[in-house]
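Here is what each chain is made of, one letter per residue.
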Amino acid sequence: MSIAEKEIRYLKGVGEARAKALEKLGISTFVDLVNHFPRAYEDRTQFSLIMASPLNEAVCIRAMVASPPTLARVRRGMQLVKLRAVDDSGSVDITFFNQTWIRNQIKQGETYIFYGKLSGNLTHRTMTNPDWEPETREGLKTGRILPKYPLCQGVSNKLFMGYVRNALDALGEEVPDALPEEIRAKYRLAQSRYAYENIHFPADFGALELARRRLIFEELFVLACAMQRIRSARVALDGICLPRPDIAPFYASLRFSPTNAQRRAVEQALDDMASGRPMNRLVQGDVGSGKTMVAAACAWAVCAAGKQAAFMAPTEILAEQHLTTLRGFLEPFGFRVEKLTGSMTAKEKREIKAALAAGEVHLVVGTHALITADVEFKDLALVITDEQHRFGVNQRSALSAKAVRPHVLVMSATPIPRTLALIIYGDLDVSVIDELPPGRQKVDTFAVDETYRQRLYGFIDKLVKEGRQVFVVCPMVEENEEFDPSLKSAVEHAQALKAAFPAFRVECIHGKMKPKEKDAIMSDVVSGKVDILVSTTVIEVGVDVPNAALMIVENAERFGLSQLHQLRGRVGRGAHKSWCILISEANNDEAKARLNAMCHTNDGFKISEEDLRLRGPGDFFGSRQHGLPEMHIADLCGDVKILDTAQTAAKELLLSDPSLSAPAHARLNARVQQLFAANQGTIN
Ligand code: ADP
Ligand code: MG
């Protein structure tokens, strides 16, 4: 076995117990360890004189201890070690809290390096709990750029640094290296050994930059190669060829005229389905941009060709709503649209399944129940998934495996900054609906605190009396979540609103309810019988109630930006002026920035960029949601330039060696395969 794959417990200094702790960080081999990169660095290279140092900034000073360290007990459980140290410029009084052992380690008359913040005034300086080491020792904590690692309990930063040192020494030249030499040379990237050494223990900031650039490039390059291989594998397949239909009759049946963006997306999808290759298209459009109609047009074309389509929604409520909408679109043409969800009785399911297998149902709308093994189609030609960020790559491919390479249409309301779409959806073609149906109004958004509540209730009262409906969203309360009384749980909040508005019909839906109950309430909401709907985020995606004019989000700080934008998208869908009120008592800057961004823009693309900036891509593109691997070092948002270059390099290389079978590309190929190990079916 290579050193790289050796288990971490065999690393010098680790052992069984620490190996367990490291496992929590996702580290089980030597390579995992060196791929656990610092999250930050502390510049401890600058030395300064005590009296010439800036105050309240961390610095290294070199000073001789002028007094024997003294021990003082302030009170029970609080002991201080104090000493005075001097350099050519003056003296500093240093205090250590609860580290009594230091008294015997620091010796009067010897010189040490102290790293910490200086406070004081013009004549008197102090330092508290500095890092320190004897000046004669090779700098471990001082005089260098110190890596700061993401850690877990049982492993300190110092300990972790030592492990990394040992692992790098053990690995020698065997550090991971997926970059073919030709690419490395062409793009002037550092050698991998140099990169690993300097990402952990930078010789200086220049070296750190070179190391970062190389490792980021490598990571994005491997990802780009993987995505492009998935794509070319698909393009090489035969797909169901649907002769290009005349879509005019479908358009003529609509009660509105499709926007240009909708028409373009439909054209692109119809072209795909006529191409003889399997379609794999993402339709991306802000909330309310009318993606459902695009899906319906594609389903219509498929049904008109005598084949079947499946429409997969992330929740029962949405499946129900899509069923109604799609029936409206397709039944006038004599196509049968049915639903298949987990909450149906066994008998109902059996009937629908039989009808699907017999080809009597043209379009089936459902949830995950659609991808269970015993659902058979007579002639499935198109699979549509709504809000794809809710489905993993695995689930999508499970449904696609139902027939001979059906066409796939994915709809998403999570706008991805354009530069990223290519890599995130590298295996998909993208249609962007960048136009809202005419007459849509901007939803006025305000962030307020509790002091506003009385006025808000007055506003609710006024709107409902005008005939509008109101949504109130409370954060989801997980069962094992720490109790936080300030969190509005949906059920309690609904009680309070019922008491406040006895004349109105207030209902509540949440994730713990039976789908049947939820559906019943939802259909009353859609038909306007419910005045105020309180819910957890189950209404986040898709629900379409044009009469709703006010969205209130309680504890708004608990929601991500994109989520808030989705929630806001639930109102302003009809002709009525609509509002979104974000209630929050949060005082931290990040939360304020998020709420502020909501108040200032209605543009989903801007919101998602801001979201990325605030949250980082880790969350945004979490592997859980997209089936994409987590990036160790690359920041999909911040490293766009390198991303572009890596993409180009990957294209060039795959042009000359499409299957990465050249010996010089063996390591790259291995990494590419490994990347999607969980999705093997997709990459081969
Ligand atoms: P989303 O993209 O968020 O899924 P929907 O497909 O639910 O949006 O459409 C939102 C609303 O806009 C629906 O009520 C739909 O009937 C309506 N709509 C869609 N396209 C148009 C259009 N071209 N003109 C007017 N209304 C439209
Ligand atoms: Mg939708």
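Below is a short write-up of the structure.

Conventions used here
- Residues numbered from 1 in each chain as written.
- Chains lettered and ligands numbered in written order.
- Predicted model: local features only at pLDDT ≥ 70, side-chain atom pairs only at ≥ 80, totals over all residues.
- Heavy atoms only, no water.
- Pairing = 2+ DSSP bridges.
- Helix = DSSP H or I, 4+ residues; strand = E, 2+ residues; numbered from the N terminus.
- Axes fitted to C-alpha atoms, helices over the stretch in contact; angles between N-to-C directions.
- Buried < 20%, exposed > 50% of the residue type's maximum accessible area, 1.4 Å probe, protein only.
- Right-handed = clockwise from strand over helix to strand, strands pointing away.
- Expected span 1.5 Å × (residues − 1).
- Arc of directions from axis to C-beta.
- Contact = heavy atoms within 4.5 Å.

Time to look at the sheet that holds strand β13 (residues 363–366). Here we have seven strands laid out as an open sheet, ordered β12-β13-β11-β14-β15-β10-β16, and parallel in their pairing. This sheet does not close on itself; its edge strands, each paired only once, are β12 (337–340) and β16 (429–433). Neighbour-to-neighbour, the strand axes of this sheet turn through a mean angle of 20 degrees, independent of strand direction. As paired strands, strand β10 (residues 280–285) and strand β15 (residues 407–412) are joined by five bridges and run parallel to one another. Considered in β15, the bridge of glutamine 284 is made with serine 412.

Another aspect to go through is the pairing of strand β20 (residues 532–535). Alternating residues of β20 divide into Ile532 and Val534 and Leu533 and Ser535, and every residue in both groups is buried. Where strand β18 (residues 469–473) lies against β20, four bridges are found, and the strand directions are parallel. Paired with valine 470 across the strands is isoleucine 532, a residue of β20. Direction of pairing for strand β19 (residues 506–509) relative to β20: parallel, over a ladder of four bridges. Residue pairing for β20: cysteine 508 is matched across the bridge by valine 534. Handedness of the crossover is the feature at issue here: the chain leaves β19, passes through helix α17 (residues 515–526), returns alongside β20, and the resulting connection is right-handed.

For helix α15 (residues 453–465), spanning 13 residues, the distance from its first C-alpha to its last is 18 Å, which sits close to the expected 18 Å at 1.5 Å a residue. Among the residues of α15, Arg453, Leu456, Tyr457, Phe459, Ile460, Leu463 and Val464 are the ones counted as buried. The buried residues of α15 occupy an angular sector of 160 degrees when projected down its axis, which confines them to one face. Residues of α15 that are exposed and angled more than 90 degrees away from the buried face: Gln454, Arg455 and Lys465. Contacts made by the buried residues of α15 are with β18, α16 (490–500), β20, β21 (548–553) and β22 (579–583). In the stretch just after α15, glycine 467 is the one whose phi turns positive, near 100 degrees.

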